[in-house]
Amino acid sequence: MSIRKIFVLLVSIGLLSACSSSEEKQEFQAKTTSTIVTKEIPYMVGDKKMKGFLAIPAGEGPFPGVIVVHEWWGQTEYPRDRARKLAKAGYVGFAVDMYGEGKTFDHPKGAKAFSQKVMEDLDKAEENFRVALATLKAQKKVKPESIAALGYCFGGGIVLEMARRGIDIDMVASYHGNLTPIVKNEVTKFPARVLIFNGAKDPFVPKKAVETTRKKLKEANIRYKFFNIKNATHGFTNPEATAMGKKHDLPLAYNEKADKKSWEETLKAFKVVFK
């Protein structure tokens, strides 16, 4: 066995034992690769069980933590893949559950009904988000003072609303997300730096909503960047978007260039907020 393989094996074993010794009560089983550890993390919001998914970088840590809020499809493999991608970049990624019991949908009718139900009770959504945030901060390899949140589609609207409500995190980023929280409400708190990645051809986000969002963030002196990405439509970061769009006759499409640009800008912002 080569020295490199021995080193990788020792790191993996060390990480696995460190993560399982004190956290077995959380009913998950850790899975390791040569670079990251992933875990199922259940947490309770009231009497409802939520299913979170954690991805942790290799190394001693602690690391900044990043919440990932899913699209209206629920906590599918996509937000989990984003959590893994964050871990590979050196951040603890936590894909949270906004529906409960890890509920997912493969048809727009159910996804729309559940996402609307959440958006109609934003106080409950805030409670859910705060519990998820506390769960992430409690992980021993997380820097509790260094937290961001990323949201996709429905999740983009959620992270913007949580920032608008004054939840104390360092940064939020919305990707092909709902801009309603800013368009319909006063922007007064926002402790976080804000990134918004919008597809310029996204029919779900009217031009007026883009203009209003930019205006309100500027007037409120929020530290923000708005990227209106050319030739991108709804779902541009999700590799499954094109197939889902064709299946359900929706204007969804993956755009590799837009996905890459938004991710690079996100990592660049992390270097600023987490320095």
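Up top you'll find the structure we're talking about.
Residues numbered from 1 in each chain as written. Predicted model: local features only at pLDDT ≥ 70, side-chain atom pairs only at ≥ 80, totals over all residues. Heavy atoms only, no water.

## Structural notes on the environment of Asp97
Relative to the helices and strands, Asp97 resides in the loop between strand S5 (92-95) and helix H3 (108-119). Judged by its relative accessible area of 0%, Asp97 is buried. The sequence separation of Asp97 and Asn128 amounts to 31 residues, and the corresponding C-alpha distance is 8.4 Å. Each residue touching Asp97, except ones within four places of it in the same chain, is listed here: Tyr43, Lys49, Met50, Lys51, His70, Gln75, Gly102, Lys103 and Asn128. (Helix = DSSP H or I, 4+ residues; strand = E, 2+ residues; numbered from the N terminus. Buried < 20%, exposed > 50% of the residue type's maximum accessible area, 1.4 Å probe, protein only. Contact = heavy atoms within 4.5 Å.)

## Side note on the side chain of Ser146
By secondary structure assignment, the location of Ser146 is in strand S6 (residues 142-152). Among the residues examined, Ser146 registers a relative accessible area of 10% and is labelled buried.

## Notes on the packing of helix H2 (residues 77-88) against helix H9 (residues 256-273)
At a closest axis distance of 12 Å, the pairing of H2 and H9 adopts a crossing angle of 50 degrees. The orientation of H2 relative to H9 falls into the category oblique. Where H2 crosses over H9, the handedness of that crossing is right-handed. Contacts between H2 and H9 involve Arg82, Lys85 and Leu86 on the former and, on the latter, Asp259, Trp263 and Phe270. Partitioning the contact of H2 with H9 into residue classes produces 3 nonpolar, no polar and 3 charged. (Axes fitted to C-alpha atoms, helices over the stretch in contact; angles between N-to-C directions. Parallel < 35°, antiparallel > 145°, perpendicular 65-115°, else oblique. Left-handed = near helix turned anticlockwise from the far one by under 90°. Nonpolar A, V, L, I, M, F, W, Y, C, P; charged D, E, K, R; others polar.)

## Side note on H9
An ideal rise of 1.5 Å per residue puts 26 Å on 18 residues; H9 measures up with 26 Å between its terminal C-alpha atoms. Of the surrounding secondary structure, the elements contacted by the buried residues of H9 are strand S4 (63-69), H2, S6, strand S7 (171-175), strand S8 (193-199) and strand S9 (224-229). The residue sitting at the N-terminus of H9 and contributing the capping side-chain oxygen is Asn255; that oxygen lies 3.2 Å from the backbone nitrogen of Lys257. (Expected span 1.5 Å × (residues − 1). Polar contact = N/O pair within 3.5 Å; in protein donor to acceptor, adjacent residues only side chain to side chain.)

## Some details on the environment of Lys275
Considering the arrangement of structural elements, one finds Lys275 in the segment after H9. Using a relative accessible area of 84% as the deciding quantity, one classes Lys275 as exposed. For the pair Lys275 and Ser146, spaced 129 residues apart in the sequence, the C-alpha separation amounts to 9.4 Å.

## Side note on H3
Here H3 is 12 residues long and its end C-alpha atoms lie 16 Å apart, about the 16 Å a rise of 1.5 Å per residue gives. Those residues of H3 that fall on the buried side of the exposure criterion are Pro108, Ala111, Ser115 and Val118. In a view along the axis of H3, the buried residues occupy a sector of 95 degrees, so they form one face of it. Facing away from the buried side of H3, by more than 90 degrees, are the exposed residues Lys109 and Lys117. In this fold, the buried residues of H3 make contact with helix H4 (122-137), helix H5 (154-164) and helix H8 (241-248). (Arc of directions from axis to C-beta.)

This is a description of form; function is not addressed.
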